[in-house]
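Spelled out from the first residue to the last, the chains are:
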Amino acid sequence: MSSVFDANEQQVEKNQIINWDGFTKSGILWQVYCGDSFEVLRRLPDESVNCVVTSPPYYCLRDYKVEGQIGLEDSVEDYVEAICKVMDEVRRVLRSDGTLFFNLGDTYYSGKGQSQGNDRKSNKRRFGLRAVDKSGGLGIGLQRKSIIGVPWRVAIEMASRDWVLRSPIIWHREKCLPESVLDRPRRSYEYIFMFVKSRKYYFNREPLVDQKVEEDLWTIQARPKVTNGIDTAPYPDELVQRCLDIGCPEGGVVLDPFAGSGTTLRVALNSNRPAIGIDLSREFCKFMVKEIRGI
Ligand SMILES: C[S@@+](CC[C@H](N)C(=O)[O-])C[C@H]1O[C@@H](n2cnc3c(N)ncnc32)[C@H](O)[C@@H]1O
């Protein structure tokens, strides 16, 4: 096991995978891989994971400043293909009775051209001309100001690649930062698509019934913007917990192929489930490992 600080950044070559592993104080195994998720997943065994909870990079929303990142493709088709290529491998490593909870937000096509100066809203956003700012309808005939429908485009493509789309869950992002638009309703929800591989799979409906929450409409407070010095656009612990409560047996192995700050791993390990995380950003992996070592 390598120390989180001993990887010499200068010597790490393209496509190299660095990994860390260990056990929590109560003896639960964790593994963190720093590398491209497709490349890492390719090396994991078939049907070895019970539950996947993940939120991939959204289309044209952030620049994570790492070579090989998904999210800044020139076309929506290329983005959908990049995500689905990873999800094909996720499907292979998922057990036949496993579940996948996939959170993805949408993006608007602005077509407004070159942005003027820095974007004050977030320094993680790509300055200059993003694909969604270029004229030409993104090659799919969109009019300016149109929402792209990214989550459904991905979900439909995944369904055509043998995933069973079992439930589109609405995550009502309570108290999220309001968008600064005046000519349409401000958005307050995102999708969590529940996918499975086969007709029989692990599912425990009781937590949904017991908590008297709407079964496919989850009101969960969004995470405050930057909480911990790194900004991965993290989702809330409660969201992951709910996915695991209904979709992962006790002690089942949990995977997040876009782990960011490690929310999925933390919640899984705290509920005594072994966890595997993958992220391309060395900065995020180091953060994640440091956090997990405290569990
Ligand atoms: C929306 S964030 C995930 C945030 C995470 N759910 C959390 O709670 O912190 C998406 C992550 O995907 C990572 N990423 C982007 N392209 C990747 C790739 N090709 N392989 C692996 N990770 C990638 C980014 O570094 C980022 O951390």
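To keep things clear, this report deals only with the structure shown in the data block. Here the structure is a predicted model, which is why all the values come from computation and not from measurement.

1. Things to note about the overall build of the chain
Thought 1: Within the chain, the regular secondary structure consists of seven helices and 11 strands.
Thought 2: Counting every position in the chain, which comprises 295 residues, the buried fraction comes to 36%.
Thought 3: Across the chain, every contact between residues at least 6 apart in sequence was considered, and the portion connecting residues at least 24 apart equals 69%.

2. Some details on the site of the ligand
Thought 1: Taken together, 23 residues lie around the ligand, and Pro234, Phe258, Gly260, Ser261 and Thr263 are the ones closest in.
Thought 2: Of the residues in the shell around the ligand, the class split is 12 nonpolar, nine polar and two charged.

3. Considerations on the nonpolar core
Thought 1: Among the nonpolar cores identified, the biggest contains 70 residues, and Leu244, Val254 and Met288 are the most heavily contacted of them.
Thought 2: Counting residues per element, this core draws most heavily on helix H2 (residues 76-93), at eight residues.
Thought 3: Look past the residues within four positions of Leu244 in its chain and what remains in contact with it is Cys51, Val53, Val254, Val267, Ala268, Ser271 and Arg273.

4. What about helix H7 (residues 282-292)?
Thought 1: Within H7 the residues assigned to the buried category are Phe284, Cys285, Phe287, Met288, Val289 and Ile292.
Thought 2: Contacts made by the buried residues of H7 are with strand S1 (18-23), strand S2 (29-34), helix H6 (263-270) and strand S11 (275-279).

5. What about the pairing of strand S9 (residues 217-221)?
Thought 1: Taking every second residue as pointing to the same face, the buried face of S9 carries Trp218 and Ile220, while none of Leu217, Thr219 and Gln221 on the other face is buried.
Thought 2: Pairing of strand S7 (residues 164-174) with S9 involves five bridges; the strand directions are parallel. Bridge pairing links His172 to Thr219 in S9.

6. Observations regarding the pairing of strand S8 (residues 189-196)
Thought 1: Among the eight residues that make up S8, six are buried, leaving the element largely enclosed by the rest of the structure.
Thought 2: Here strand S4 (residues 94-104) runs beside S8; their pairing, made up of six bridges, is antiparallel. Counted as the bridge partner of Phe101 is Met194 from S8.
Thought 3: In this sheet, S8 lies alongside S7 in antiparallel orientation, the contact comprising eight bridges. Within S8, the position partnered with Trp171 by the bridge is Glu190.

7. Topic: the environment of Ile140
Thought 1: Among the secondary structure elements, Ile140 is positioned in the loop between strand S5 (108-109) and strand S6 (146-147).
Thought 2: Residues Ile140 and Ser75, spaced 65 residues apart in sequence, show a C-alpha to C-alpha distance of 8.8 Å.

8. What about the packing of H2 against helix H3 (residues 150-160)?
Thought 1: Relative to each other, H2 and H3 sit at 50°, their axes nearing to 10 Å. On the basis of the axis angle, H2 is oblique to H3. Between H2 and H3 lies a crossing whose hand is right-handed. Touching Val76, Val80, Ile83, Cys84 and Met87 of H2 are Val150, Arg153, Val154, Glu157 and Met158, all from H3.

9. Section: the sheet that holds strand S3 (residues 49-54)
Sheets are built from strands paired through backbone hydrogen bonds, the pairs being either parallel or antiparallel.
Thought 1: If you walk across this open sheet you meet the nine strands as S1-S2-S11-S10-S3-S4-S8-S7-S9, and the pairing is mixed. Edge positions in the sheet fall to S1 and S9, since each of these pairs with one other strand and no more. In this sheet, adjacent strand axes meet at a mean angle of 20° when their direction is disregarded.
Thought 2: The sheet contact formed by strand S10 (residues 254-256) and S11 spans three bridges and is parallel. The partner of Leu255 across the bridge, within S11, is Ile276.
Thought 3: Set on the sheet, H7 makes contact with S1, S2 and S11; between it and S2 the angle comes to about 165°.

Calculation criteria
Residues numbered from 1 in each chain as written. Predicted model: local features only at pLDDT ≥ 70, side-chain atom pairs only at ≥ 80, totals over all residues. Helix = DSSP H or I, 4+ residues; strand = E, 2+ residues; numbered from the N terminus. Buried ≥ 20, exposed ≤ 12 C-beta atoms within 10 Å, placed from the backbone. Contact = placed C-beta atoms within 7 Å. Near = placed C-beta within 6 Å. Nonpolar A, V, L, I, M, F, W, Y, C, P; charged D, E, K, R; others polar. Core = buried A, V, L, I, M, F, W, Y, C linked by C-beta atoms within 7 Å. Pairing = 2+ DSSP bridges. Axes fitted to C-alpha atoms, helices over the stretch in contact; angles between N-to-C directions. Parallel < 35°, antiparallel > 145°, perpendicular 65-115°, else oblique. Left-handed = near helix turned anticlockwise from the far one by under 90°.

Fair warning: the whole summary comes from geometry, so function is off the table for now.
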